[in-house]
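Next come the chains, spelled out residue by residue.
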Amino acid sequence: MKIVAVLLVAMLLFGCTFLDNKSNNDKVPVSDNKVNDTSEKINVKIQNQSGQSSGSNNPPAQNTNISGQTNTEPIQKTKLEYTYDAKTPFSIYFISVGGADNQGDSILIKKGDLTVLIDGGPAINAGNTINFLKSKGVGTINILISTTADPDHYGALSQIIDNFDVQEFWYSGVIAEDLTYQKLIDKIDQKGVTKRVIERGENYDLNGLNAFILNPEQGKFTDASNNAIAIKLTQNNFCALLTSDILFGAQAEIVNKFDTKCSILQIPYHGLGKGTVQIDFLLLRVMPKDAIISGGINDPTPGGVGSRYSVLEKLKAKAIKVYENYKGGTIKITSDGVSYVISYNN
């Protein structure tokens, strides 16, 4: 009987140990569960911020902070010299820099202590841009963005960097064999300005205003226009799509890959020519309530293919309100991220 009792005790002890080991092996460590949950939440957050569509063929947008470092954390605050205040209202100005015989594009973003200038317009009208910036109290340009190697956009930048302290210069990296543009890039280097090549999929926090880079995708196109920088600006309910000179090739790329629905659309290519010949597709996907046309009054083909007339008719048919530099001057958008107001800055 003693032997039987010993055997029963041994079997009970062995069985308990075996069950404990199996149970432990089936468990996932608690710390691993936490890491996995956090990663999933961050990925969702990044997709929402970037404007990435939810289709399974689209990978999450790259999340890049101001240092250009890719990481799995939410968008980082910029490290430029300004006071960060995400809740402060902001203004976006489409400066009137075109003329009777030329086009032009220059956009000023002011959000609290942060100043961003996107393009400067043509060299002949550099004084207009410089005077406007000074009238808004600009002394330092935290970020100067050159969207494309087109003199209607970059012509005034050389004079602008002579008149203002520029902390960072962003561009696509595409020179397009433009010697004058190359001289501008060389001047940026000579002045010791931090230079950054930006591309599709990057996110930047502009004092609480999210800038998602829709275009260009490096190596996708060879021409300057389709390599122009396009940006989706969002904060809470606010959304504006800045399109520079992108043509249908780049337009089709971004609307097929990303959620581009926005209340405000800058009509590409100054509302003219190659940038608008298939504008219906862009309007269908963006579904804007308001449209901005920047540039001068000159329309090379009035009433013909690629003229503003056809674009304006399509906007009218969709009940999209249009604001035009050449009719009312500089266009101002003010917003707190919840609602916005568009007016002419008279």
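Anything mentioned here points back to the structure above.
Overview of the structure. (Residues numbered from 1 in each chain as written. Predicted model: local features only at pLDDT ≥ 70, side-chain atom pairs only at ≥ 80, totals over all residues. Heavy atoms only, no water.)

1. Regarding the state of the cysteines
Part 1 of the argument: A full pass over the atoms with the stated rule returns one disulfide.
Part 2 of the argument: Paired by a disulfide, C239 and C262 hold their sulfur atoms 1.7 Å apart. Of this pair, C239 sits in strand β10 (residues 238-242) while C262 is found in the loop between α7 (248-257) and β11 (264-266), placing the two residues 23 residues apart along the sequence.
Part 3 of the argument: Relative accessible area serves as the criterion here: at 9%, C239 is assigned to the buried category. (Disulfide = S-S within 2.5 Å. Helix = DSSP H or I, 4+ residues; strand = E, 2+ residues; numbered from the N terminus. Buried < 20%, exposed > 50% of the residue type's maximum accessible area, 1.4 Å probe, protein only.)

2. A few points about unusual backbone geometry
Part 1 of the argument: Of note, the bond from N215 into P216 is cis; its omega dihedral lies within 30 degrees of zero at 10°.
Part 2 of the argument: Tracing the chain through its elements places P216 in the loop between β8 (209-215) and β9 (230-235).
Part 3 of the argument: For N236, which is not glycine, the phi dihedral falls at a positive 55°.
Part 4 of the argument: Following the sequence through the fold, N236 ends up in the loop between β9 and β10.
Part 5 of the argument: Exposure remark for N236: the relative accessible area of 63% places this residue in the exposed category.
Part 6 of the argument: Backbone geometry at M287 places phi at a positive 55°, although glycine is not the residue there.
Part 7 of the argument: Mapped onto the fold, M287 is located in the loop between α8 (279-286) and β12 (290-293).
Part 8 of the argument: M287 gets classed as partly exposed once you look at its relative accessible area, which sits at 49%.

3. A few points about the side chain of N125
Part 1 of the argument: Looking at the element boundaries, N125 is found in the loop between β3 (114-118) and α3 (126-135).
Part 2 of the argument: Overall, the relative accessible area of 13% leaves N125 in the buried class.
Part 3 of the argument: Not counting chain neighbours up to four residues away, the residues in contact with N125 comprise V97, G98, G99 and N102. (Contact = heavy atoms within 4.5 Å.)

4. Quick notes on the pairing of strand β5 (residues 165-171)
Part 1 of the argument: Taken across its seven residues, β5 has six buried, putting it largely inside the fold.
Part 2 of the argument: Pairing geometry for strand β4 (residues 140-146) and β5, over six bridges, is parallel. Looking across to β5, one finds that T140 is bridged to D165. (Pairing = 2+ DSSP bridges.)

5. Some remarks on the packing of α7 against α8
Part 1 of the argument: Viewed as axis vectors pointing N to C, α7 and α8 meet at an angle of 20°, and their least axial separation amounts to 10 Å. With respect to α8, the axis of α7 lies roughly parallel. The handedness of the crossing between α7 and α8 comes out as left-handed. When α7 is examined against α8, the residues F248, Q251, A252, V255 and N256 are found in contact with a partner set consisting of F281, L282 and R285.
Part 2 of the argument: Split by residue class, the contact of α7 with α8 holds five nonpolar, two polar and one charged. (Axes fitted to C-alpha atoms, helices over the stretch in contact; angles between N-to-C directions. Parallel < 35°, antiparallel > 145°, perpendicular 65-115°, else oblique. Left-handed = near helix turned anticlockwise from the far one by under 90°. Nonpolar A, V, L, I, M, F, W, Y, C, P; charged D, E, K, R; others polar.)

6. Some words on the side chain of Q103
Part 1 of the argument: Along the chain, Q103 turns up in the loop between β1 (90-94) and β2 (107-111).
Part 2 of the argument: Q103 gets classed as buried once you look at its relative accessible area, which sits at 7%.
Part 3 of the argument: For Q103, the contacting residues outside a window of four places in its chain are G98, P122, D152, H270, L272, S294, G295, G296, N298 and R308.

No statement about biological role is implied by the geometric values presented.
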